[in-house]
Amino acid sequence: MSVSKLVFAPLSYTGWGSLKELLPEVEKYDPKKILVVTDPMLAQIGLTDRVTDPLETEGYSVTLYTDVVPEPPLETGEKLVSFTRNGQFDMVIGVGGGSALDLAKLAAVLAVHEGPAVDYLNLTGTKNVEKKGLPKILIPTTSGTGSEVTNISVLSLETTKDVVTHDYLLADVAIVDPELTVSVPAKVTAATGIDALTHAVEAYISVNASPTTDGLALQAIRLIGRSLRKAVEDGSDKQARIDMSNGSYLAGLAFFNAGVAGVHALAYPLGGQFHISHGESNAVLLPYVMGYIRKSCAKRMADILNALGGNSTYLSEEEASYKCVEELERLVKDVGIPSTLAGFDIPASALESLTQDGVKQKRILARSPLPLLEDDIRQIYQSAFVGAVAEPK
Ligand code: NAD
């Protein structure tokens, strides 16, 4: 029997209308100066007013910071950290997709540290996070990353990504209100939804999976499996948005504790070298990585097939794992995401540089039930170029 360490965000509110819990939660901290971190699009469509208006009406001093870009580069993080230190804030609220939430966590923690954010990067940094930082409330507006319940802040470097990670980056409060996701465009709904699905699938097949994370992951797969297509087709479908919001939250808890594996490891180089969004990078690789490793975790792939609404009753585990890959392929296609690397205009000549960057993701690859070495990684990328799932030689 192995021992599982499970860490969960201290306090969460989920469900339609849960944003109303923001004011009572803020009151508990009695902040003098609140920083709200978001991106310009959310300010432009008035979504952030739903956060700032009730606070300002109650007399709180609120500063809205909108200088967040998708897949934020390190420099964007550095700028926000300086702004937060200079502003003498005593609370940070992140409102947005993973990009805004990741930066809000980073700013809240590094506000009470010295030196640039680059010093705190996981792979190349020289300093450790030592203090908890400012209280932080995270409010996701996409159903995807699960950032509201993880201790990670992802930053884009020139050709790769790195993270600042420590349990002090966990939210004090997460408010996961599906009503805030109704305005997400179909393309972003699709990419973020497959991102959430990938978190759940990879947590379920991870070598670090536990009975607790299995429960979270399977329920996430059920909710996303039944509602992602509907949410993409009709963004105003309330039940579909509720399912996706709960699914993404559960998937976040599952992968934060069990980890992600091969899909994420090979997706990072796509984001780093070709600036493809995190969700789309995962989506295009999901069938190819799962197709390659399926026989190493066939029973679990059968469970995933059933959670996606399929039926493995009359199939061998091997057959069910094959069907599961087909189902994943169909889902990615149905929500309109290109199904090959060529579909993202990635030249075939990139095979080698992708492979070499993929090999470097050792920490993530270590969670794959099938060890993925350089040749395996090359074969998987190659299969994603030609659009035909490969199997280990
Ligand atoms: P995002 O935050 O980059 O947002 C994508 C786009 O959607 C943006 O243009 C944004 O303005 C728009 N948008 C967001 N909410 C909207 C709404 N309600 N209505 C209309 N438009 C809306 O996308 P994301 O996929 O949520 O986050 C991606 C980032 O999260 C990446 O940097 C990725 O590396 C990171 N990430 C972090 C974790 C973690 O655990 N911290 C996990 C996975 C990914």
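Residues numbered from 1 in each chain as written. Predicted model: local features only at pLDDT ≥ 70, side-chain atom pairs only at ≥ 80, totals over all residues. Heavy atoms only, no water.

Asker: What's the story with helix α11 (residues 298-307) in this structure? I'm lost.
Answerer: One full turn of an α-helix is made of 3.6 residues, so residues set three or four places apart face in the same direction. Most of α11 sits out of view: seven of its ten residues are buried. Listed as buried for α11 are Ala298, Met301, Ala302, Asp303, Ile304, Leu305 and Ala307. Turning to α11, the residues buried within the fold contact α6 (186-205), α7 (211-233), α10 (278-293) and α12 (317-334). Positive phi shows up at Gly309, right after α11, with a value of about 105°. (Buried < 20%, exposed > 50% of the residue type's maximum accessible area, 1.4 Å probe, protein only. Helix = DSSP H or I, 4+ residues; strand = E, 2+ residues; numbered from the N terminus. Contact = heavy atoms within 4.5 Å.)

Asker: Would you mind showing me how to read unusual backbone geometry here?
Answerer: Backbone geometry follows two general trends: most residues other than glycine have a negative phi, and most peptide bonds adopt the trans configuration. A positive phi is found at Asp30, a non-glycine position, where the angle reads about 45°. Position of Asp30 relative to the elements: it lies in the loop between α1 (22-29) and β2 (33-37). When its relative accessible area of 49% is taken as the criterion, Asp30 is described as partly exposed. For His275, which is not glycine, the phi dihedral falls at a positive 55°. Within the secondary structure, His275 sits in the loop between α9 (262-274) and α10.

Asker: Just checking my understanding: could you explain the packing of α7 against α11 for this structure?
Answerer: For any two helices packed against each other, the geometry is given by the interaxial angle and the distance between the axes. Interhelical geometry of α7 versus α11 gives an angle of 40° and a closest axis separation of 8 Å. Relative to α11, the element α7 is oriented oblique. Along its contact with α7, which presents Asp214, Leu218, Ile221 and Arg222, the element α11 presents Arg300, Asp303, Ile304 and Ala307. (Axes fitted to C-alpha atoms, helices over the stretch in contact; angles between N-to-C directions. Parallel < 35°, antiparallel > 145°, perpendicular 65-115°, else oblique.)

Asker: Sorry, what's going on with the sheet that holds β2 here?
Answerer: To summarise the sheet geometry, strands pair through backbone hydrogen bonds and adopt either a parallel or an antiparallel arrangement. Here six strands make up an open sheet; going across it, the order is β1-β8-β5-β4-β2-β3 and the pairing parallel. The open sheet is flanked by β1 (12-14) and β3 (61-65), the only strands paired with a single partner. Averaged over all neighbouring strand pairs, the angle between strand axes comes to 15°, with direction disregarded. Alignment of β1 against strand β8 (residues 173-176), held across three bridges, turns out to be parallel. Residue pairing across strands places Thr14 opposite Val176, the latter belonging to β8. (Pairing = 2+ DSSP bridges.)

Asker: For this particular structure, what's the right way to read the site of the ligand?
Answerer: Of all residues adjacent to the ligand, which total 30 residues, the nearest are Ser99, Asp102, Thr141, Thr150 and Ser183. Measuring from an oxygen atom of the ligand, one finds a backbone N or O atom of Gly98 at 2.8 Å. Here a nitrogen atom of the ligand sits 3.5 Å away from a polar atom, N or O, in the side chain of Ser147. When the free accessible area of the ligand is taken as 870 Å², the share hidden by the protein chains comes to 91%. Among the elements that line the shell around the ligand, the one with the most residues is helix α5 (residues 98-110), at four residues. Here the shell around the ligand is composed, by residue class, of 13 nonpolar, twelve polar and five charged. (Near = heavy atom within 4 Å. Polar contact = N/O pair within 3.5 Å; in protein donor to acceptor, adjacent residues only side chain to side chain. Areas by Shrake-Rupley, 256 points an atom, 1.4 Å probe, with all protein chains shown as cover. Nonpolar A, V, L, I, M, F, W, Y, C, P; charged D, E, K, R; others polar.)

Asker: Explanation requested: the layout of surface pockets in the structure shown.
Answerer: One water molecule sets the probe size; rolling that probe over the atoms shows where empty space is left. In this structure, the second largest pocket spans a volume of roughly 280 Å³. What lines the second largest pocket is a set of 17 residues, and nearest its centre among them are Leu123, Thr160, Lys161, Asp162 and Gln361. Contributing elements (two or more residues each) for the lining of the second largest pocket: β7 (161-165) and α14 (362-365). In the lining of the second largest pocket, the residues fall into six nonpolar, five polar and six charged. (1 Å grid on protein atoms, 1.4 Å probe; cavity = no way out; pocket = protein on both sides within 12 Å on 5 of 7 lines; lining within 4 Å. Points joined across faces, edges and corners; volume = space filled by probe spheres on them.)

Asker: I would appreciate a short explanation of the environment of Thr213 in the present structure.
Answerer: Along the chain, Thr213 turns up in helix α7. In this structure the C-alpha to C-alpha distance between Thr213 and Ser4, which are 209 residues apart in sequence, comes to 9.6 Å.

Asker: Sorry if this is basic, but what is going on with the packing of α6 against α11 here?
Answerer: Where α6 contacts α11, the two axes come as close as 10 Å, and the packing angle between them is 145°. In the crossing of α6 with α11, the sense of the turn from one axis to the other is right-handed. In this structure, α6 contributes Val201, Tyr204 and Ile205 to the contact, and α11 contributes Arg300, Asp303 and Ile304. Within the contact of α6 with α11, the residues separate by chemical class into four nonpolar, no polar and two charged. (Left-handed = near helix turned anticlockwise from the far one by under 90°.)

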